[in-house]
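Each chain, letter by letter, is given below.
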Amino acid sequence: MALDRRAQTVLQTVVELYITKAEAISSGFVCQELQEKFSSATIRHVMADLEKEGLLYQPHTSAGRIPTEAGLRLYVHELLSPRLQPWDRSHLEDAVAHAVPHDFVEQLGHGLAALAGQMAVVAVGAEALSHTVLYMEGTRYLVKQPEFSQIKKVRQLLHLIDDRAQMLGWLTRAGANEGVSVTLGKESPLPDLACVVSKRAQANRGCVTVGLLGPTRMNYNRLIPMVEFAAYLSER
């Protein structure tokens, strides 16, 4: 979907405010962020157009707007310019600096989860799922997210985490392409859950898949390069 620069700026602002605030975003919030670029009337008009295009929606008539699955997907694939932050790089390097080979993957997953504040997953092994070892770290970060505050959603989440075959199947599909992949919405086993994944083929460990699981409003701009670098470290 082609958006002009103005619409791209407004959509990006709405998504990034939503990532931070975890609530519907009013035009007033957007105006505060973009007051030097566009008038409040222009922002309201653009947000209404983005809603008509199916990129934003209004959960309640008196509420602000939230990005739709299509809006998040457009944001991830077309509006981001992710770069690894120096602090994130050094923290991940420190997490595995003294790890011995037999616990390297666990240390990597632990460091990634703590740094990202999301659930980290690392799958190691052959292409056959039955011969793949799955490490998961940071469930506590997921259940703290407002998206999973309801008991029913927590149960669905824990059921997914306990279902090794389903989790591995999802990671395999998510990491089917080279580089970093983002799956969310209909591609995810749970509608509120997203995954950032990077897969590397290695001679000594077989295939290694590194990922982060979190709500669909994850900070993709920061987490995409973090996952990519963690996958690079797994080659050591």
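Above this text you will find the structure in question.
Since we're looking at a predicted model, the values are computed, not measured. (Residues numbered from 1 in each chain as written. Predicted model: local features only at pLDDT ≥ 70, side-chain atom pairs only at ≥ 80, totals over all residues. Heavy atoms only, no water.)

**Q** So what about the pattern of salt bridges? Which residues, and what values?
**A** Throughout the structure, instances matching the rule amount to 8 salt bridges. Across the pair E187 and R73 runs a salt bridge, and its minimum N-O distance is 3.3 Å. Linking E187 in the loop between β5 (180-183) and β6 (193-202) with R73 in helix α4 (residues 69-79), this pair joins segments that are 114 residues apart in sequence. A relative accessible area of 21% places R73 in the partly exposed class. Bridged by salt links that share partners, the residues E69, R73 and E187 form one connected network. (Salt bridge = Lys/Arg side-chain N within 4 Å of Asp/Glu carboxyl O. Helix = DSSP H or I, 4+ residues; strand = E, 2+ residues; numbered from the N terminus. Buried < 20%, exposed > 50% of the residue type's maximum accessible area, 1.4 Å probe, protein only.)

**Q** Any details on the packing of aromatic side chains? Residues and values, ideally.
**A** Scanning the entire structure with this criterion turns up 1 aromatic pair. Residue placement shows K21 over the ring face of F29; its charged tip is 4.4 Å from the ring centre. (Phe/Tyr/Trp six-rings, centres within 6.5 Å; stacked < 30°, edge-to-face > 60°. Lys NZ or Arg CZ within 6 Å of the ring centre and 35° of its normal.)

**Q** Could you give an account of the pairing of strand β3 (residues 119-125), with specific residues and numbers?
**A** Working note: regular strand, side chains alternate between the two faces of the sheet. Counting buried positions over the 7 residues of β3 gives 7, a clear majority of the element. In β3, alternate side chains face the same way, and those of M119, V121, A123 and G125 on one face and A120, V122 and V124 on the other are all buried. Direction of pairing for β3 relative to strand β7 (residues 206-215): antiparallel, over a ladder of 7 bridges. Bridging from a neighbouring strand, V122 pairs with V210 of β7. In terms of strand pairing, β3 meets strand β4 (residues 132-137) through 6 bridges, oriented antiparallel. Across the sheet, the residue bridging to G125 is T132, located in β4. (Pairing = 2+ DSSP bridges.)

**Q** Talk me through the nonpolar core; I want residue IDs and the actual numbers.
**A** Core analysis: the largest hydrophobic core is formed by 58 residues, its most contacted members being V10, L11, V30, L50 and Y220. The leading source of residues in this core is helix α10 (residues 220-233), at 9 residues. Grouped together as the second largest cluster of nonpolar side chains are 19 residues, V121, A123, F148 and L160 included. (Core = buried A, V, L, I, M, F, W, Y, C linked by side-chain atoms within 4.5 Å.)

**Q** Let's hear about α4: which residues, and what values?
**A** Along α4, the residues classified as buried are G71, L72, L74, Y75, V76 and L79. Looking at the buried positions of α4, the neighbouring elements they touch are α1 (5-21), β2 (66-67), β5 and α10. (Contact = heavy atoms within 4.5 Å.)

**Q** Describe the state of the cysteines, and please don't skip the residues or the numbers.
**A** Under the counting rule described, the total for this entry stands at 0 disulfides. For the unlinked cysteine C195, the closest cysteine sulfur is that of C207, found at 14 Å. (Disulfide = S-S within 2.5 Å.)

**Q** Go over the environment of A165, please, and point to the residues and values.
**A** Here A165 lies in helix α9 (residues 164-174). The exposed category is assigned to A165, whose relative accessible area is 54%. Along the primary structure A165 and L134 are separated by 31 residues, whereas in three dimensions their C-alpha atoms are 9.9 Å apart.

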